[in-house]
Amino acid sequence: MGDIDLLVRRADLGRVREILVAAGYREVDRRRGFAEAYSYTLEFYSEGVAAVVVEPHWTIAYPPASGRLDMDRVWARCTPGTVLGVDCLSLGAEDLLLHLVLHAAHAGSTAPLLWFYEIGRLVRLERDTLAWPGFASSARQAGV
């Protein structure tokens, strides 16, 4: 694992920034305001005992598809759960699959084989419940 990705609502970026900065993280902003205006994620790091990078994403897609998905629909399909004792929402299986496929496509030939294993594992584990028409509709919406 190279970083911690968090899916946040775009409207909450200011609050997420405040929380991370208050927790000791510093924002990596190579071109002031560019990432927030034109990208899909921000990047924060902490230099504690071990360097930690946290990336709040406001979409599950990557350029050029990042602005095409209806994220309100993605959020509506999230399911409540718990990670390390913290209540959170998790992506629905179809949205997680789309994210994993788009992530691998974004990386191109540099995508590690592990990512393809994760895609295959998700499909095998969820094969009986995956809503393929919904997945296909979201993929079309993203233009892929």
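For the structure given in this document, a descriptive report is provided here. These numbers were taken from a predicted model, which means no experiment stands behind them.

Take the packing of helix H4 (residues 93–107) against helix H5 (residues 113–126) next. Two elements in contact, H4 and H5, have axes separated by 10 Å at closest approach and are oriented at 160 degrees. Considered as vectors, H4 and H5 are oriented roughly antiparallel to each other. Note that H4 runs across H5; the crossing there is left-handed. In contact with Ala 93, Leu 96, Leu 97, Leu 100, Val 101, His 103, Ala 104 and Ala 107 of H4, H5 contributes Trp 115, Phe 116, Glu 118, Ile 119, Leu 122, Val 123 and Glu 126. Residue composition of the contact of H4 with H5, by class: twelve nonpolar, one polar and two charged.

Glancing now at the packing of H4 against helix H6 (residues 132–141). A pair of packed helices is characterised by two quantities: the angle between their axes and the separation of those axes. Packing of H4 against H6 brings their axes to within 9 Å, and their N-to-C directions diverge by 45 degrees. Here H6 runs oblique to H4, going by the angle between their axes. In the crossing of H4 with H6, the sense of the turn from one axis to the other is right-handed. In contact with Glu 94, Asp 95, Leu 97 and Leu 98 of H4, H6 contributes Trp 132, Phe 135, Ser 138 and Ala 139. Class assignment for the residues of the contact of H4 with H6 results in five nonpolar, one polar and two charged.

About the cut-offs
Residues numbered from 1 in each chain as written. Predicted model: local features only at pLDDT ≥ 70, side-chain atom pairs only at ≥ 80, totals over all residues. Heavy atoms only, no water. Axes fitted to C-alpha atoms, helices over the stretch in contact; angles between N-to-C directions. Helix = DSSP H or I, 4+ residues; strand = E, 2+ residues; numbered from the N terminus. Parallel < 35°, antiparallel > 145°, perpendicular 65-115°, else oblique. Left-handed = near helix turned anticlockwise from the far one by under 90°. Contact = heavy atoms within 4.5 Å. Nonpolar A, V, L, I, M, F, W, Y, C, P; charged D, E, K, R; others polar.

The analysis is restricted to geometry; functional conclusions fall outside its scope.
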